[in-house]
Amino acid sequence: MDADRSAAGGLVFPNRSSFAFNGGGNWRWYEPNGINLPMREARQCAALIEATQGQVARDDFISAIMTKIKKAERGELEYPDDAKAGMARSPDINELKWRLEDDEWRLYYSEPIKLHAQRGMLGLHFDVKPDLDHQDRSIDEAARRNKDWHETVDTEYRQ
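Residues numbered from 1 in each chain as written. Predicted model: local features only at pLDDT ≥ 70, side-chain atom pairs only at ≥ 80, totals over all residues. Heavy atoms only, no water.

### Concerning the overall build of the protein
- A count of helices and strands for the protein gives four helices and seven strands.
- What you see in the protein, going N to C, is helices and strands ordered as β-β-β-α-α-β-β-β-α-β-α.
- Put simply, the protein has 159 residues, and 44% of those count as buried.
- Once local pairs closer than 6 in sequence are excluded, the contacts in the protein between residues at least 24 apart make up 54%. (Helix = DSSP H or I, 4+ residues; strand = E, 2+ residues; numbered from the N terminus. Buried < 20%, exposed > 50% of the residue type's maximum accessible area, 1.4 Å probe, protein only. Contact = heavy atoms within 4.5 Å.)

Structure (structure tokens):
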């Protein structure tokens, strides 16, 4: 079995086929009616952080998210905590995850065949993980958005 070796500690992980793990890719976003829902969700979380912890905490939060997204574009994820390819609940859904303060934040995404030739990753849903039930609901929402994208959104990729 092929494996990737982590720069930190020489840990070995199964080979990842996702562009986020392997060389990076280009982000597209789930945008029904022109609204970038994952980034809107991230901004809503940032607004809650600002209300409880202040503007500096909000700015740090947004900066951390953007850094993680840019790292995924370049294929520079930090193993083992940053990502998972192929969720057991929905194999077409992947996640980028990170811990900020005391919370685990997730960006769920897919890599549709229609975007594959362009090394495209489709950002679907951004959320915090307070517990496993909430995580399951987030994965289900990402899977619903992924299905919707395939059926109705971004018709320029339909062949």
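The discussion continues.
### Here we look at the pattern of salt bridges
- Inspection of every chain in the model, using the stated rule, returns 16 salt bridges.
- The closest approach of N and O atoms between Arg89 and Asp140, which form a salt bridge, is 2.7 Å. Taken together, the positions of Arg89 in the loop between β4 (83–84) and β5 (94–100) and Asp140 in helix α4 (residues 132–152) put the pair 51 residues apart, joining distant regions of the chain.
- In the salt-bridge network here, residues are joined through shared partners; they are Lys84, Glu95, Lys97, Arg99, Glu104, Arg106 and Lys129. (Salt bridge = Lys/Arg side-chain N within 4 Å of Asp/Glu carboxyl O.)

### Section: the sheet that holds strand β3 (residues 26–29)
- In space, the five strands of this open sheet follow the order β3-β7-β6-β5-β4, with mixed pairing throughout. With one partner strand each, in any of the chains shown, β3 and β4 form the two edges of the open sheet.
- Direction of pairing for strand β6 (residues 103–110) relative to strand β7 (residues 120–128): antiparallel, over a ladder of six bridges. Note on β7: the bridge partner recorded for Ser110 is Leu122.
- Across the sheet, helix α1 (residues 37–53) touches β3, β6 and β7, and the angle it forms with β7 is around 30°. (Pairing = 2+ DSSP bridges. Axes fitted to C-alpha atoms, helices over the stretch in contact; angles between N-to-C directions.)

### Topic: the environment of Ala20
- Mapped onto the elements, Ala20 comes out in the loop between β2 (12–14) and β3.
- For Ala20, a relative accessible area of 0% puts it in the buried group.
- Each residue touching Ala20, except ones within four places of it in the same chain, is listed here: Ala72, Gly75, Glu76, Leu77, Leu96, Tyr109, Glu111 and Met121.

### Some remarks on the pairing of β7
- Judged by how many residues are buried, β7 sits mostly within the fold: nine of nine residues are covered.
- Both β3 and β7 contribute to a ladder of four bridges, which runs parallel. Residue pairing across strands places Trp27 opposite Met121, the latter belonging to β7.

### Things to note about the packing of aromatic side chains
- Applying the stated rule across the entire model yields six aromatic pairs.
- Consider the rings of Trp27 and Trp29, whose centres lie 5.1 Å apart with planes at 15°: the pair is stacked.
- Residue classification places Trp27 among the buried residues on the basis of a relative accessible area of 11%.
- Ring geometry for Phe61 and Trp105: centres 4.8 Å apart, planes at 65°, overall edge-to-face. With Phe61 in helix α2 (residues 55–74) and Trp105 in strand β6, this residue pair connects regions lying 44 residues apart in the sequence. Both residues of the pair, Phe61 and Trp105, belong to the buried class.
- What links up through ring pairs into an aromatic cluster is the set Phe61, Trp98, Trp105 and Phe126. (Phe/Tyr/Trp six-rings, centres within 6.5 Å; stacked < 30°, edge-to-face > 60°.)

### Observations regarding the packing of α1 against α2
- Running from N to C, α1 and α2 cross one another at 150°; their axes reach a closest spacing of 7 Å. Considering their axes alone, α1 and α2 lie roughly antiparallel with respect to each other. In this structure, α1 crosses over α2, and the sense of that crossing is right-handed. The residues of α2 that touch α1, namely those facing Met39, Ala42, Cys45, Ala46, Ile49, Glu50 and Gln53, are Gln55, Ala57, Arg58, Phe61, Ile62, Ile65 and Ile69.
- Among the residues making up the contact of α1 with α2, the classes are represented as 10 nonpolar, two polar and two charged. (Parallel < 35°, antiparallel > 145°, perpendicular 65-115°, else oblique. Left-handed = near helix turned anticlockwise from the far one by under 90°. Nonpolar A, V, L, I, M, F, W, Y, C, P; charged D, E, K, R; others polar.)

Treat this as a map of the structure, not an account of what it does.
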